[in-house]
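What the coordinates show
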Amino acid sequence: MKITKSIFGKEENDIDKFNELDLDDRSIVFYSESSVILYPYVEEIIRELQNRNQKICYLTSSKNDPILKNENKNIKVFYIGDSEIEKMKFFLRLKAKVLIMTMPDLGSYHVKRSKVFPVHYVYVFHTPASTHMVFQKSAFDQFDSMFCVGQYQVQEIRATEQLYNLKQKNLVECGYGLFDKLIRSRSSLPQQQNFLSKNNKKNVLIAPSWGKQNLLESTGIELSKILLDAGYHVTVRPHPMTVKKSSKLIKQIKEKFEKNPDFLLDTNTSSFEQLFSSYALITDWSGISYEYAFVCERPVIYVDDLKIPHSQEYEKIHLEPFEISIRDKIGELISIQNLESIPERIEFLYGHVTEFKSKIEKIRNDAVFNIGKSGQVAADEIIRII
């Protein structure tokens, strides 16, 4: 699909084409925002729906969404642009039986509930994080159904509903499609993986979260230099919102390291190749830590002491957030004051990687619903809803 501009300079989109569809052809609609590509998180669901001959519409606001190259005739893909005004108008008039998205804060910004049709709104998580810390207080209030990753999210949402006297949502014990997709992909890789770069150096991945005091903003350049000086190949993978909002920082990193053959700045967050090929992962609060630990079954190095992003009211829900409870169980916490020790800790930690494998596997299986079957559960529920 080629995205062009009209003679008036306004970006063309497929809104009119979507609105011309019969309701039966747009019963099940997925929406991908511009900052987080939806497809990897719902691929298992879409595959299951296709197996059951369900018609699927996929709306996207991202010009880089890989779904735009889709050739599957059972998925109708529509680029609806990224204008907030246009999107608000579109969603207020949306006619569909169910809308599935990974974007929280429904109703708070440009994505509003339809005023003209009883759309059923489903939230699918793009992180296994707890619901009451990194998300805003009202992030999920307007959703009808939520496809939960684990029991901890069910408990948190019910506690939030009780605290704020909210209507109970339909909570589905679903699981996490991205884990299932990546675990299946990893099973096709050689058991003895090669974690070396072309220059025969161990690959280390730095993948931070987003926010004012994230790892990249706080000490990304210093940490990269320490690792490069220690003889590693370093890949920095910024959060999509950092790429979008912090262009000055991205430029500084490029200028500092772009001539170094052992450095890579990877902004393609829809690809997971770097995850599988990384000898070590260093992060702060990023959700990629779960993907690395629970899929690759390798420990994570967390740079600690960085300000945790959180809702101002999360302590009112008296449940320890998942991301806090498991950090020291699936990896090691290293103070930001001790960055120089990271190369030494990498070699120690990954030299004892087998000791973590069974431990991480048990934590994953205890915490996450329906490993390997989340798509089936989600598809069953979507068909029930429509």
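Residues numbered from 1 in each chain as written. Predicted model: local features only at pLDDT ≥ 70, side-chain atom pairs only at ≥ 80, totals over all residues. Heavy atoms only, no water.

Once that is clear, we can look at the pairing of strand β11 (residues 280-283). Every second residue of β11 is oriented toward a common face, with Ala280 and Ile282 on one face and Leu281 and Thr283 on the other, all of them buried. Here three bridges tie strand β8 (residues 203-206) to β11, and the two strands are oriented parallel to one another. By the bridge assignment for β11, Ile206 is matched with Ile282. As paired strands, β11 and strand β12 (residues 300-304) are joined by two bridges and run parallel to one another. Residue pairing across strands places Ile282 opposite Ile301, the latter belonging to β12. Remark: the β11/helix α10 (residues 288-296)/β12 crossover connection has right-handed handedness. (Buried < 20%, exposed > 50% of the residue type's maximum accessible area, 1.4 Å probe, protein only. Helix = DSSP H or I, 4+ residues; strand = E, 2+ residues; numbered from the N terminus. Pairing = 2+ DSSP bridges. Right-handed = clockwise from strand over helix to strand, strands pointing away.)

Backbone hydrogen bonds hold the strands of a sheet together, and the pairing may be parallel or antiparallel. Here six strands make up an open sheet; going across it, the order is β10-β9-β8-β11-β12-β13 and the pairing parallel. Two strands bound the open sheet, and with one partner strand each, they are β10 (263-265) and β13 (331-335). Adjacent strand axes in the sheet meet at a mean angle of 20°, parallel and antiparallel pairs treated alike. In terms of strand pairing, β8 meets strand β9 (residues 233-236) through four bridges, oriented parallel. Counted as the bridge partner of Val204 is Val234 from β9. Its contacts with the sheet put helix α12 (residues 342-351) on β8, β11, β12 and β13, and the angle it makes with β12 is roughly 150°. (Axes fitted to C-alpha atoms, helices over the stretch in contact; angles between N-to-C directions. Contact = heavy atoms within 4.5 Å.)

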